[in-house]
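The primary structure of each chain is shown beneath.
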Amino acid sequence: MTNFNFTPGYNGGSSKVSRRISGLVFLLFLAGSHAQKKDVSSQAAVAYTIENCVNEFNLNDTIKTKVGYQYWFVDKEFLDGRTLKMSVVGPYMATHPPHKHEEDEFFYVLEGTAEFYLNGETHVSGPNTSFYCPSWYEHGIRNVGDTELKYLVIKKYNK
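Here is a short report on the structure shown in this document. These figures come from a predicted structure and were not determined experimentally. (Residues numbered from 1 in each chain as written. Predicted model: local features only at pLDDT ≥ 70, side-chain atom pairs only at ≥ 80, totals over all residues. Heavy atoms only, no water.)

**Describing the sheet that holds strand S5 (residues 114-118)**
Read from one edge of the open sheet, three strands run S6-S5-S8, paired in antiparallel fashion. With one partner strand each, in any of the chains shown, strand S6 (121-125) and strand S8 (139-143) form the two edges of the open sheet. For this sheet, the mean inter-axis angle between neighbouring strands, taken without regard to orientation, is 20°. Sheet analysis places S5 next to S6, joined by five bridges and oriented antiparallel. For Ala114, the partnering residue across the bridge sits in S6 and is Ser125. (Pairing = 2+ DSSP bridges. Helix = DSSP H or I, 4+ residues; strand = E, 2+ residues; numbered from the N terminus. Axes fitted to C-alpha atoms, helices over the stretch in contact; angles between N-to-C directions.)

Here is the structure:
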């Protein structure tokens, strides 16, 4: 069985965790693909290959932010707006203040300590925790720990 690794240098030490992450990502993308009808003509134009379906983290391809960096494993141009991004935030910082938008989102904490804000309430958790934000709910995530916070953002942008 293949381990899907999201963290550079990760050696698959916890295959249970690795399978959970892989399963979470697979189910979210699968649900998104079945939730809408595909245009067969545009789908036929896309040639998915092993080369464009595998994205290994590369620090040189990160996008610097004021509080850390981001890495897009899947951007909104690859699929029908479905995305997978890793955000890395320095200690005691946040990428932006709480906000609202039309798309719902999932966050999955890989490393560090995150405070999740949802409509006036907060919850602090560490690695292997997911947070869900429904559409139009005010939400935010920030690092409340002494080390970097790394988390995945899974979202489908509306076109």
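Okay, back to it.
**Focus: the packing of aromatic side chains**
The tally for this structure, following the rule as stated, stands at eight aromatic pairs. Aromatic side chains Phe116 and Phe131 sit 4.6 Å apart centroid to centroid with 5° between the ring planes, which places their arrangement in the stacked category. Placement of Phe116 in strand S5 and of Phe131 in strand S7 (residues 129-133) is noted, with a sequence separation of 15 residues between them. Judged on exposure class, the residue Phe116 and its partner Phe131 are both buried. Within the aromatic cluster, the residues linked to one another by ring pairs are Phe57, Tyr69, Tyr71 and Phe73. The aromatic ring of Tyr157 is capped on one face by Lys76, whose charged end is 4.7 Å from the ring centroid. (Phe/Tyr/Trp six-rings, centres within 6.5 Å; stacked < 30°, edge-to-face > 60°. Buried < 20%, exposed > 50% of the residue type's maximum accessible area, 1.4 Å probe, protein only. Lys NZ or Arg CZ within 6 Å of the ring centre and 35° of its normal.)

**Looking at the pattern of salt bridges**
According to the stated counting rule, one finds three salt bridges in the structure shown. The residue Arg82 makes a salt bridge to Asp80 at a minimum N-O spacing of 2.7 Å. Looking at Asp80, the relative accessible area reads 13%, which means it is buried. We note a salt bridge from Glu115 to Arg142, for which the minimum N-O separation is 2.6 Å. Taken together, the residues Glu115 in strand S5 and Arg142 in strand S8 connect sequence positions 27 residues apart. For Arg142, a relative accessible area of 37% puts it in the partly exposed group. (Salt bridge = Lys/Arg side-chain N within 4 Å of Asp/Glu carboxyl O.)

**Here's the deal with the sheet that holds strand S2 (residues 68-74)**
Taken together, six strands build an open sheet; the order of strands is S1-S2-S3-S9-S4-S7 and the sheet is antiparallel. If you trace the sheet from one side to the other, it starts and ends with strand S1 (63-64) and S7, each paired once. Relative to strand S9 (residues 149-156), strand S3 (residues 82-89) runs antiparallel, the two sharing eight bridges. Following the sheet pairing, Arg82 is matched in S9 by Lys156.

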